[in-house]
Amino acid sequence: MTDTTATTAAKLEELGRRLEKAQDPGSERARAKRDEAGLTTPRQRIDALLDEGTFIEVGALGKQPGDKDAPYGDGVVTGYGQVNGRTVAVYAHDKTVFGGSVGETFGKKVVEIMDMAIRIGCPVVGINDSGGARIQDAVTSLAMYSEIARRQLPLSGQSPQISILLGPSAGGAVYAPVTTDFLVAVDKRTQMFVTGPAVIESVTGEKISHEELGGAHVQARNGNISYVAPSEEEAFNYVKDLLDFLPSSAYDETPKFWAPSDERTERDHELSSVIPDDPNAGYDITEVLTRIFDDENVLEVQDEYGQNMFTGFARIDGQAVGVVASQPMVLAGCIDADAADKAARFIRICDSYNIPLVFVVDTPGYLPGVEQEKVGLIHRGAKLGFAMVEATVPKITVIVRKAFGGAYAVMGSKNMGADINLAWPTAQIAVMGAEAAVVMMQGKQLAQMPEEQRPMARKMFMDFYNANMTSPYVAAERGYVDAIIEPEETRLRLRLALRQLKDKTVLEPEKKHTIMPM
């Protein structure tokens, strides 16, 4: 008698049965709980990110070793696909299998696609919704976390790493995402913390809710999240937009997009009226940023952290550029410790992926105060200057208003390595503003004058100081500014500057690596 299980047809049938079971392998109870909550499956999430029909799964039939009844997948879906035609490696946690926790096979699957990404040079996108370490796997789970973390180092600065958090993540489940280049969250869905509220209460007695401790906006304000999306769909859209500004690897160019002509437009002419006549009046720097690049498509990164500093991506001549800009609407554009950290890290991301940098400057200096000294403004502020000097990509600076003190230096000064510096006629460049200078230089003399004469004397000194010390023409005369331009020229001058710098090469000394401030 013929054994039908040995026939080709039977074997194909068996494969189909197993693959079908692997499509949604969680228990009936876990799947029902997910569906009742209105949550998407890992494969639906991957399909929302990737170009239609491009996903190639790896490890669908993987299982936890030693358990013949273990569900397929081991809590994660892994594979490759394309986003706007470019290959990415992708993984998505499956909360219905062991709570999405990390086990041996889970770890091996994620490590496999990360190793491939290292070899071929492609981005890695992780869709996270994990219960953390698999307690019953003991040290094996910790080992797998370590194996995943170890792969993040060779990927770092070689290929973009992006994490999307679609649920609560604790302990080890937050370290891997926060080590990636960008972390995208969803409002009222994402929660992240090292230890949860229950553990905190048991150890310290403090009572706090999950949302108060690690909600998306809370962690965005803490500097851990790049963008908080209002919905899961918007989170995937943001990642797609982000990938359009990034190369597949440090050895590839960024995607090229359509660019407008060099002819001036109404948007260019509008720049002449953006800067207020009052040098102390606030305005939104995005009114400048949406007019000096190819179009209004400026993608902000970390918009809730260090809001006195804008970081994000735009395009010049169809090419991606990184933007570091003062935001006068917050703290008058002063640089505090958070803003310095934010800008320094963003500069290093752009430099790693060979994305030119544009600095748009309007800052009265580093933020003074006791609290700033306590939180380490000295070393955190120095980190910004360190990153500025370390970056070898083309660096172009536009000073639109104030550039005072140490902030002048670290925000793209020629003295710290910027290639081309432009200034508007509204620029003010000096050690400090007139208001501070009058106190430092004329304080004693003013105190000795009759009170009714002080306002006039104060104004006379400030007018003299502004004319002779802060004028952009003083900086231009000394060669610290390449050109003073009309605001409406800015978009074209940036394009000409980038074309000039496209073949910039910096020979670095042979050594292991630099040592940045702590």
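As the structure is a computational prediction, the values presented were derived from the model and not from experiment.

This next bit is on the sheet that holds strand S7 (residues 182-186). Spatial ordering of the open sheet is given by S1-S2-S3-S4-S5-S7-S9, a layout of seven strands whose pairing is mixed. The strands lining the two open edges of the sheet, one partner per strand, are strand S1 (56-58) and strand S9 (227-229). For this sheet the average axis-to-axis angle between neighbouring strands, irrespective of direction, equals 20°. Here strand S4 (residues 124-128) pairs with strand S5 (residues 161-165) via five bridges, running parallel. What sits directly across from Val125, in S5, is Ile162.

Now for the packing of aromatic side chains. A full pass over the atoms with the stated rule returns four aromatic pairs. On the numbers, 5.1 Å between centres and 55° between planes, the contact of Phe313 with Phe346 is tilted. A residue pair is termed long-range when its members are at least 10 positions apart, and Phe313 in strand S11 (residues 309-316) and Phe346 in helix H13 (residues 337-352) qualify at 33 residues. With a relative accessible area of 3%, Phe346 lands in the buried category. Taken together, the ring pairs in this structure connect Phe182, Phe245, Phe313 and Phe346 into an aromatic cluster. The side chain of Lys63 reaches across the aromatic face of Tyr72, ending 4.8 Å from its centre. The ring of Phe257 is capped by Arg315, whose NZ or CZ atom sits 3.9 Å from the centre of that ring.

Take the domain arrangement of the protein chain next. Each domain of the protein chain was delimited in the assignment, giving domain 1 (11-244) and domain 2 (266-427 + 481-501). A separation of 35 Å is found between the C-alpha centroids of domain 1 and domain 2. Contacts between the two partners involve 21 residues from domain 1, matched on the other side by 13 residues from domain 2. Carbon and sulfur atoms supply 52% of the area that domain 1 and domain 2 bury against each other, a total of about 1300 Å² over both sides. At the surface where domain 1 touches domain 2, the tally comes to nine residue pairs in polar contact (both at pLDDT 80 or more). Mapped by element, the contributors of at least two residues to the side of domain 1 that touches domain 2 are helix H9 (216-221) and helix H10 (232-245).

Cut-offs and rules
- Residues numbered from 1 in each chain as written.
- Predicted model: local features only at pLDDT ≥ 70, side-chain atom pairs only at ≥ 80, totals over all residues.
- Heavy atoms only, no water.
- Pairing = 2+ DSSP bridges.
- Helix = DSSP H or I, 4+ residues; strand = E, 2+ residues; numbered from the N terminus.
- Axes fitted to C-alpha atoms, helices over the stretch in contact; angles between N-to-C directions.
- Phe/Tyr/Trp six-rings, centres within 6.5 Å; stacked < 30°, edge-to-face > 60°.
- Buried < 20%, exposed > 50% of the residue type's maximum accessible area, 1.4 Å probe, protein only.
- Lys NZ or Arg CZ within 6 Å of the ring centre and 35° of its normal.
- Domains from an automatic or database assignment.
- Contact = heavy atoms within 4.5 Å.
- Buried area = accessible area lost by both parts, 1.4 Å probe.
- Polar contact = N/O pair within 3.5 Å; in protein donor to acceptor, adjacent residues only side chain to side chain.

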